[in-house]
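# Observations on chain architecture
One letter stands for each residue in the lines below.
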Amino acid sequence: MGLFSEKIDLNLPESEISYYSNFLKTENASAYFKILKSKVPWQQDKIKVFGKTYDQPRLTALYGNNDKAYSYSNIVMRPHEFTPELLQIKSFVEKEAEMEFSTCLLNYYRNGKDSNGWHADDEKELGQNPVIASISLGAERIFHLRNKKDKLLKHKIVLEHGSLLLMAGETQHKWHHKIAKTSKNIGERINLTFRIIK
């Protein structure tokens with residue numbers, strides 16, 4: 001079950017961001033990682049950058065309970081039905097966030113070369129001031145934040161195995177975030193981002 005014992009509020013301007021370092025017990029987080037890695041129908045989409053097409057530098061999957069697609073970077077994803085494991089994690093996250101989520105976007109980072117560039121989860125279908133609840137499983141990665149107007153205003157935090165990062169308020173409208181590539185020998189990571197698609 002969800003087991004958070006430490007909550008850290010990042011207290012960045014124009015944002016509401018909280019981090020729970022051990023939201024899931026280590027053994028539970030490890031079990032979820034193993035199941036999701038093997039059972040999720042991972043896909044690798046193509047993205048266009050400055051007119052050139054590349055393989056997206058990570059694998060993804062979408063799950064939801066309302067059959068609504070999710071679109072970003074000219075990619076349209078259709079949801080699978082939630083699995084029992086995802087429903088369990090979803091219930092833990094919803095209890096802490098005090099809201100119900102319709103959709104979960106999963107990212108599978110196979111090594112340090114896999115990444116996610118600067119972006120914000122501010123797509124139109126997510127509505128005004130979307131709440132994004134992000135569970136990290138597997139290898140630790142550094143989560144970078146950068147203010148959209150003042151690009152010198154930055155912050156970073158290490159996302160640990162079994163942790164929860166909760167972003168709300170104006171965060172997605174005022175800040176970008178990314179998981180950068182690294183040359184370090186880093187293991188696999190699965191990230192679950194729960195959200196509401198309107």
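Placed above this text is the structure.
In what follows, the accompanying structure is described. Since the structure is predicted, the reported quantities are computational estimates derived from the model, not experimental observations. (Residues numbered from 1 in each chain as written. Predicted model: local features only at pLDDT ≥ 70, side-chain atom pairs only at ≥ 80, totals over all residues. Heavy atoms only, no water.)

## Considering helix H1 (residues 26–39)
To keep it simple, the criterion reads: Helix numbers and strand numbers start at the N terminus; a helix is a DSSP run of H or I with at least 4 residues, a strand a run of E with at least 2. For a helix, the expected span equals 1.5 Å multiplied by the residue count minus one. Contact definition: two residues touch when any of their heavy atoms are within 4.5 Å.
A rise of 1.5 Å per residue sets the reference length of H1, with its 14 residues, at 20 Å; its end C-alpha atoms lie 20 Å apart and thus fit the reference within 8%. Of the surrounding elements, those touching the buried residues of H1 are helix H2 (84–97), strand E9 (103–109), strand E11 (132–138) and strand E16 (189–195).

## Let's talk about the nonpolar core
Using the following cut-off: Buried residues of nine kinds, namely Ala, Val, Leu, Ile, Met, Phe, Trp, Tyr and Cys, make up a nonpolar core once their side-chain atoms join them within 4.5 Å. When a residue's accessible area, from a 1.4 Å probe over protein chains only, is under 20% of the maximum for its type it is buried; when over 50% it is exposed; and in between it is partly exposed.
With 32 residues, the main nonpolar core has Val93, Leu106, Ile135, Leu137, Leu192 and Phe194 as its most contacted residues. Those elements giving two or more residues to this core turn out to be H1, strand E5 (59–64), H2, E9, E11, strand E14 (163–168) and E16. When residues of this core are assigned to their parent elements, the largest contribution, 5 residues, is made by H2. What Leu192 contacts, discounting residues up to four positions off in sequence, is Leu36, Leu86, Ile89, Cys104, Leu105, Leu106, Ala133, Ser134, Ile135 and Leu137. One finds Ile17, Phe143, Leu159 and Met167 within the second-largest nonpolar core, a separate group that totals 14 residues.

## Overview of the sheet that holds strand E12 (residues 141–147)
For clarity, the threshold we go by: In this description, strands pair whenever DSSP reports at least two bridges between them. Only the stretch in contact is used when a helix axis is fitted, and all axes are lines through C-alpha atoms; the angle between N-to-C directions ranges over 0 to 180 degrees.
In spatial order, the strands read E10-E15-E12-E13; together these 4 strands make up an open sheet with antiparallel pairing. Among the strands making up the open sheet, the edge pair consists of strand E10 (116–119) and strand E13 (154–159). For this sheet, the mean inter-axis angle between neighbouring strands, taken without regard to orientation, is 15 degrees. With 2 bridges joining them, E10 and strand E15 (residues 175–179) adopt antiparallel strand pairing. Paired with Asn116 across the strands is Ile179, a residue of E15.

## Focus on the packing of H1 against H2
We apply this condition: The scheme is simple: roughly parallel for angles under 35 degrees, roughly antiparallel for over 145, roughly perpendicular for 65 to 115, oblique for anything else. Should the near helix be turned counterclockwise from the far one by less than a right angle, the crossing is left-handed, whereas a clockwise turn marks it as right-handed. Throughout, the ten residues Ala, Val, Leu, Ile, Met, Phe, Trp, Tyr, Cys and Pro are labelled nonpolar, Asp, Glu, Lys and Arg are labelled charged, and all others, Gly among them, are labelled polar.
Interaxial distance between H1 and H2 falls to 10 Å at its minimum, and their mutual angle equals 135 degrees. Judged by the inter-axis angle, H1 sits oblique to H2. Crossing of H1 against H2: the hand is left-handed. Between H1 and H2, the residues in contact are Tyr32, Ile35, Leu36 and Lys39 and Glu85, Leu86, Gln88, Ile89 and Phe92, respectively. In the contact of H1 with H2, the residues fall into 6 nonpolar, 1 polar and 2 charged.

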